[in-house]
Amino acid sequence: KRTVLLADGFSQAIRAKYNDPKFTVLAVDLSEAGFARLCDHIQQTCALNGKGQAIRLGEGWYRARGTYSAFNTCNTWVASGLHKAGCPISPSLCLMPGQLLGRVRPFARVVSAPR
């Protein structure tokens, strides 16, 4: 019943990190206010210890708030964050990766891998 959050940071260009053809990278442009709301969505997901710090579980993994179920998946969470950021997406029935990508594609742009 506990949930976790995986944070994957990088310093190189996203095209360099995800250059395998199996990946489709979509870029979503957000306003400054939309980006702040997305950051708040992520911050509200993190479970905090008594000192107000995120609870680290391992390399990139953190304890999260909320519950996970067949109707509340990681894809639903992403759609909810994009919706809060002002994107035209509804998290309802956005359960599988294909459903999420299908709803994001109309307002995103594909980031091509380097050749």
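These lines cover the structure that appears in this document, whether it is placed above or below. Treat the numbers as computed from the prediction; the structure is a model and nothing was measured. (Residues numbered from 1 in each chain as written. Predicted model: local features only at pLDDT ≥ 70, side-chain atom pairs only at ≥ 80, totals over all residues. Heavy atoms only, no water.)

Describing the environment of Arg63
Then comes step 1: Among the structural elements, Arg63 can be located in strand S4 (residues 61–64).
Then comes step 2: As for Arg63 and Gln53, which are separated by ten residues in sequence, their C-alpha atoms are 11 Å apart.
Then comes step 3: Once you skip the residues sitting within four places of it in the chain, Arg63 turns out to touch Arg2, Thr3, Val4, Thr45, Cys46, Ala47, Ile55 and Leu57. (Helix = DSSP H or I, 4+ residues; strand = E, 2+ residues; numbered from the N terminus. Contact = heavy atoms within 4.5 Å.)

Regarding the sheet that holds S4
Then comes step 1: If you walk across this open sheet you meet the three strands as S1-S4-S3, and the pairing is antiparallel. The open sheet has two edge strands with one neighbour each: strand S1 (3–6) and strand S3 (56–58). Averaged over all adjacent pairs, the angle separating strand axes in this sheet is 40°, with direction ignored.
Then comes step 2: Bridge count for S3 against S4 is two bridges, and the pairing is antiparallel. Each bridged residue has a counterpart across the sheet, and for Gly58 the counterpart in S4 is Trp61. (Pairing = 2+ DSSP bridges. Axes fitted to C-alpha atoms, helices over the stretch in contact; angles between N-to-C directions.)

Quick look at the pattern of salt bridges
Then comes step 1: The final tally for this structure, using the stated rule, is two salt bridges.
Then comes step 2: Two residues, Arg109 and Asp29, come together in a salt bridge whose shortest N-O distance is 3.0 Å. Of the two residues, Arg109 is situated in strand S5 (residues 109–111) and Asp29 in the loop between strand S2 (25–27) and helix H2 (32–45); the sequence distance between them amounts to 80 residues.
Then comes step 3: In this structure, Arg56 and Glu59 form a salt bridge, with 3.6 Å as the shortest nitrogen-oxygen distance. As far as the burial class goes, Arg56 and Glu59 line up, both exposed. (Salt bridge = Lys/Arg side-chain N within 4 Å of Asp/Glu carboxyl O. Buried < 20%, exposed > 50% of the residue type's maximum accessible area, 1.4 Å probe, protein only.)

Section: the packing of helix H3 (residues 74–84) against helix H4 (residues 97–104)
Then comes step 1: Running from amino to carboxyl end, H3 crosses H4 at an angle of 20°, the nearest separation of the two axes being 9 Å. In terms of axis orientation, H3 runs roughly parallel to H4. In this structure, H3 meets H4 at a crossing whose hand is left-handed. When H3 is examined against H4, the residues Asn75, Val78, Ala79 and Leu82 are found in contact with a partner set consisting of Pro97, Leu100 and Val104.
Then comes step 2: When grouped by side-chain class, the residues that make up the contact of H3 with H4 number six nonpolar, one polar and no charged. (Parallel < 35°, antiparallel > 145°, perpendicular 65-115°, else oblique. Left-handed = near helix turned anticlockwise from the far one by under 90°. Nonpolar A, V, L, I, M, F, W, Y, C, P; charged D, E, K, R; others polar.)

Considerations on the nonpolar core
Then comes step 1: Counting nine residues, the largest nonpolar core consists of Leu26, Ala79, Leu82, Cys87, Ile89, Cys94, Leu100, Val104 and Ala108.
Then comes step 2: Of all the secondary-structure elements, those providing two or more residues to this core are H3 and H4.
Then comes step 3: Setting aside anything within four residues of it in sequence, one finds Leu82 in contact with Val28, Leu38, Cys87, Ile89, Val104 and Phe107. (Core = buried A, V, L, I, M, F, W, Y, C linked by side-chain atoms within 4.5 Å.)

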